[in-house]
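# Per-entry structural report
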Amino acid sequence: MEKPAELKDGVYWVGALDWNVREFHGYTTSRGSTYNAYLVRGEKTALVDTVKAGFFPEMLSRIESIMDPADIDYLIVNHVEMDHSGAVPLFAERFPHVQLVATDNGIKALQRHYRKEWSIQKVKTGDEIALGRKTLQFLEAYMLHWPDSMFTYLKEDCILLPNDGFGQHFASYHRFDDENTLETVMDEAAKYFGNILMPLAPLIPPLLKKVKKMGIPIEMIAPSHGVIWRSHPDKIIQAYSDWSAGVAEDRVLIIYDTMWQSTATMARAIAQGISNAGVENKLIHVRRNHRSDIMKEILSAKVLVFGSPTINEGIFPTVAELLIYLKGLRPLKKKGLAFGSYGWGGEAIPAINDALKGMGIEVIDPGLSVMYVPGDEDLENCVKLGEKIAASL
Ligand code: FEO
């Protein structure tokens, strides 16, 4: 088993590696994940977060390689979702003297999850717990991404423990960003943001501002999933600032499904028109790509072109499902439009455009629909539409 990693003197990663998790409430995790717990040792000792319940023995044995877990004084619950709090009841049962610490919302959530009569110390933004030689400072992070979410800051070590914030579903033998390929880590961080934090993006800039106002220097960011930002904390903070402001690239995604290849043929012709104008674009077949991977692509593209055949007087189900998922994630500052083939009704195109408008996407053209199979003239119109899309950037 991999040893605990030491972040700084007396601060250790004691979490667990889940190499083979491939699904996380509807999100694909092709690189697995980690559940990060941190041990902070001053004169007293705090454990910040735990792991999924099944990984309790793994966390415990890492702690035991450093100290007797019975000597832990505080268990800080930054977030109650069960990938982090699942081992809290096991820990509290085994070491009943440990003082649990959470926000007001965290206390309510712990009670609703585990139905235990625990005495939990309530903390709010700015509160501190002095361990002796080390001080924990707390910052409520309401709705990032649950009402109970909290960041813990290690004052003397300048380490931020933001739980899900800045995380990545990425299992690696190596604990730190500089020991892994940065491109891979950033790729997973983008997917994580696009699928989990994007709907809450407007809350992020005020929180980053609050952190700045508190005057807390951040030398390291140790999230609850993936690797620790030791060498590139500024890079991930800048990425969060950009993503939460809707900053994206001059890139077009053509996201489609097709019944008899007519909509796929239109998609390729539209892509040709966009390429003619020298604008980067990508074809994404909805049934060949998981929605969580599509969301990562959407995060960094300015224009989303949705293609769907009309079926049963409406949108093709796979495209409709993606639109519902996208609506919940509240995309920022996107442009879009619809296209597709139909047999006799053609209702999918206006329905997609309405869906896009409903989620705040600027519809730049009424779109294009073609009866049955596109002919030469239809394909020329698709190329022209592609050129128009490119010109909108
Ligand atoms: Fe990683 Fe919100 O749990």
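Located above this text is the structure these notes cover.
About the cut-offs
Residues numbered from 1 in each chain as written. Predicted model: local features only at pLDDT ≥ 70, side-chain atom pairs only at ≥ 80, totals over all residues. Heavy atoms only, no water. Core = buried A, V, L, I, M, F, W, Y, C linked by side-chain atoms within 4.5 Å. Buried < 20%, exposed > 50% of the residue type's maximum accessible area, 1.4 Å probe, protein only. Helix = DSSP H or I, 4+ residues; strand = E, 2+ residues; numbered from the N terminus. Domains from an automatic or database assignment. Contact = heavy atoms within 4.5 Å. Lys, Arg positive; Asp, Glu negative; His and termini not counted. Salt bridge = Lys/Arg side-chain N within 4 Å of Asp/Glu carboxyl O. Polar contact = N/O pair within 3.5 Å; in protein donor to acceptor, adjacent residues only side chain to side chain. Arc of directions from axis to C-beta.

## Quick look at the nonpolar core
In terms of nonpolar packing, the biggest core is built from 91 residues, with L47, F91, I236, W243 and F306 touching the most fellow members. Per element, the largest residue contribution to this core is eight residues, and it comes from helix α5 (residues 182–197). Per-domain counts for this core show at least three residues from each of domain 1 (5–244) and domain 2 (252–391). Contact partners of I236, with chain neighbours within four places excluded, come to F166, M186, A189, I221, W229 and W243.

## Some words on the side chain of K334
With respect to the element layout, K334 can be found in the loop between α10 (317–328) and β22 (335–342). With no salt bridge to any partner, buried K334 finds its closest opposite charge in E249, at an N-O distance of 9.7 Å. A distance of 2.6 Å separates the side chain of K334 from the backbone oxygen of I298, its partner in a polar contact. Within the local environment of K334, its side chain forms a polar contact with the backbone oxygen of A301, the two atoms lying 2.7 Å apart. Once residues within four sequence positions are removed from consideration, K334 is found in contact with A248, I298, L299, S300, A301, K302, L304, G360, I361 and E362.

## Here we look at the environment of A16
Relative to the helices and strands, A16 resides in strand β3 (residues 16–18). Residue class for A16 comes out buried when judged on its relative accessible area of 0%. Separated by 155 residues in the primary sequence, A16 and A171 place their C-alpha atoms 9.4 Å from one another. Excluding its chain neighbours within four sequence positions, the residues that come into contact with A16 are T34, Y35, V51, F55, E58 and R62.

## A closer look at helix α11 (residues 348–358)
Within the sequence span of α11, burial applies to A348, I349, I352, N353 and L356. Along the long axis of α11, the arc covered by the buried residues comes to 130°, so they all point the same way. With respect to the buried face of α11, the exposed residues turned more than 90 degrees away are K357 and G358. Following α11 by one or two positions, G360 adopts a phi angle in the positive range, close to 80°.

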